[in-house]
Amino acid sequence: MMRLFFRSVAGCCPSFLPHHPPHTRETFSKAASYKKMFHYLTEERGRPNSPEYRIYFKTSHGKYISPFHDIPLYAPHQQTDDVPAKKQKRPDREILFNMVVEVPRWSNAKMEIATKETLNPIKQDVKKGKLRYVANIFPHKGYIWNYGALPQTWEDPNHTDKDTSCCGDNDPIDVCDIGTTVCSTGQVIQVKVLGILALIDEGETDWKVIAINTDDPDANKLHSIQDVRVNRPGHLEATVDWFRKYKIPDGKPENQFAFNAQFKDQDFAVEVIKSTHSYWKALVQKQTKCGEIVCQNSSVCGSPFQCSDADAVAVVRAAPEYGEGLPLPAEVDKWHFLSQ
């Protein structure tokens, strides 16, 4: 099954493979008058709600790409001819970023970019041999925002953050889109960053960027974390509560936070994003150890990890064909009531 999302793709490899999907579902976002614009397609393989299920990414011309490495961090209007500008002309508060949506709001399946698989498809996390679903902790139903990641970022596990005194969690930086639209897994949206929360997850720094979809009706009145406090009373408190408690039903203790669980402002958040982008650059240029992270990509200029179109096609074709989804386990709808 194919899904089509309207966003730009930046890169330095011009060749494409033709593709004519038999079944295509199109989802368009608001488009601006950019010089060059491509579509993102997502191709599902395997059976949904099973360990084999994968969502692969490609351009509208059929070129398979990695959502981790090939989708640009900066939104299209920050680029010229598909190449990110060397110097940003806009002030930091106006910088827009691409976000890969992994988990739609109100859903429970913990979908994530598979950083340790070739082409880095989206898959469902597995713990102790079972698919992972986040619990409904009253009054929250599943994830309370569209949850995802900023492409071309990496929280380096070899780097100790000067503010949190903890190393990175070895993943792209996480984003909570607080807009009102419920997105789809694999959708790529443009977001405006408002602030950031420093979660400490099992001794690792796990930044949570707070952002809003630029297509959201409230985007024009939310410009800072303080604006969220004023216009969305209780939302930030609910976010801290969610991250603090979401692992308790699995028998784990409450999560901890740096900065006494206080949100840092937009400028701080942008600097964190820039630093994780620099760590990612070192990763794909083989200037730092990648461990189990798969850095194969289709378009990162100068990267020694670039793979051929044929190799990328072979990876997807080796995955199981798309099939009917399996039923969700009954416990997904269970409510958990925790003492305050």
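Definitions and cut-offs
Residues numbered from 1 in each chain as written. Predicted model: local features only at pLDDT ≥ 70, side-chain atom pairs only at ≥ 80, totals over all residues. Heavy atoms only, no water. Buried < 20%, exposed > 50% of the residue type's maximum accessible area, 1.4 Å probe, protein only. Helix = DSSP H or I, 4+ residues; strand = E, 2+ residues; numbered from the N terminus. Pairing = 2+ DSSP bridges. Expected span 1.5 Å × (residues − 1). Contact = heavy atoms within 4.5 Å. Polar contact = N/O pair within 3.5 Å; in protein donor to acceptor, adjacent residues only side chain to side chain. Salt bridge = Lys/Arg side-chain N within 4 Å of Asp/Glu carboxyl O. Phe/Tyr/Trp six-rings, centres within 6.5 Å; stacked < 30°, edge-to-face > 60°. Lys NZ or Arg CZ within 6 Å of the ring centre and 35° of its normal.

**Examining the pairing of strand β14 (residues 146–149)**
Thinking step 1. Alternating residues of β14 divide into Asn-146 and Gly-148 and Tyr-147 and Ala-149, and every residue in both groups is buried.
Thinking step 2. Judged from the three bridges that link them, strand β8 (residues 96–103) and β14 form a sheet pairing that is antiparallel. Bridge pairing in β14 links Val-101 to Gly-148.
Thinking step 3. Two elements, β14 and strand β16 (residues 174–177), share four bridges in a ladder whose sense is antiparallel. Bridged to Asn-146 within β16 is Asp-177.

**Notes on helix α3 (residues 266–284)**
Thinking step 1. The end-to-end C-alpha distance of α3 is 27 Å, a good match for the 27 Å that 19 residues give at a rise of 1.5 Å each.
Thinking step 2. On the buried face of α3, the contacting elements are β8, β17 (188–201) and β18 (204–213).
Thinking step 3. Among the residues of α3, the N-terminal cap falls to Asp-265, whose side-chain oxygen and the backbone nitrogen of Asp-267 are separated by 3.3 Å.
Thinking step 4. Looking at the residues trailing α3, positive phi occurs at Lys-286, about 60°.

**Here we look at the pattern of salt bridges**
Thinking step 1. Inspection of every chain in the model, using the stated rule, returns 20 salt bridges.
Thinking step 2. With a closest N to O distance of 2.9 Å, Arg-54 and Glu-117 form a salt bridge. With a gap of 63 residues between them, Arg-54 in strand β4 (residues 54–59) and Glu-117 in the loop between β9 (111–113) and β10 (122–124) connect regions that are remote in the sequence.
Thinking step 3. With relative accessibility at 21%, the residue Glu-117 sits in the partly exposed group.
Thinking step 4. Among the ionic pairs, Lys-245 bridges to Asp-241, the shortest N-O distance being 3.0 Å. Of this pair, Lys-245 and Asp-241 are both found in helix α2 (residues 235–245), four residues apart, which corresponds to roughly one turn of the helix.
Thinking step 5. Residue classification places Lys-245 among the buried residues on the basis of a relative accessible area of 9%.

**Focus: the packing of aromatic side chains**
Thinking step 1. One pass over the full model with this rule turns up 16 aromatic pairs.
Thinking step 2. Centroid distance Tyr-143 to Trp-242: 5.0 Å. Interplanar angle 40°. Geometry classified as tilted. Placement of the pair is Tyr-143 in the loop between β13 (136–137) and β14 and Trp-242 in helix α2, with a sequence separation of 99 residues.
Thinking step 3. Given a relative accessible area of 1%, Tyr-143 falls into the buried group.
Thinking step 4. For Trp-242, a relative accessible area of 4% gives the class buried.
Thinking step 5. With a centroid separation of 5.9 Å and 35° between ring planes, the pair formed by Trp-145 and Tyr-147 is classed as tilted.
Thinking step 6. What makes Trp-145 buried here is its relative accessible area of 0%.
Thinking step 7. A relative accessible area of 6% means that Tyr-147 is categorised as buried.
Thinking step 8. Ring pairs connect the aromatic residues Tyr-143, Trp-145, Tyr-147, Trp-242, Phe-243 and Tyr-246, which therefore count as one cluster.
Thinking step 9. Taking NZ or CZ as reference, Arg-105 lies 5.6 Å from the ring centre of Trp-106, over its face.

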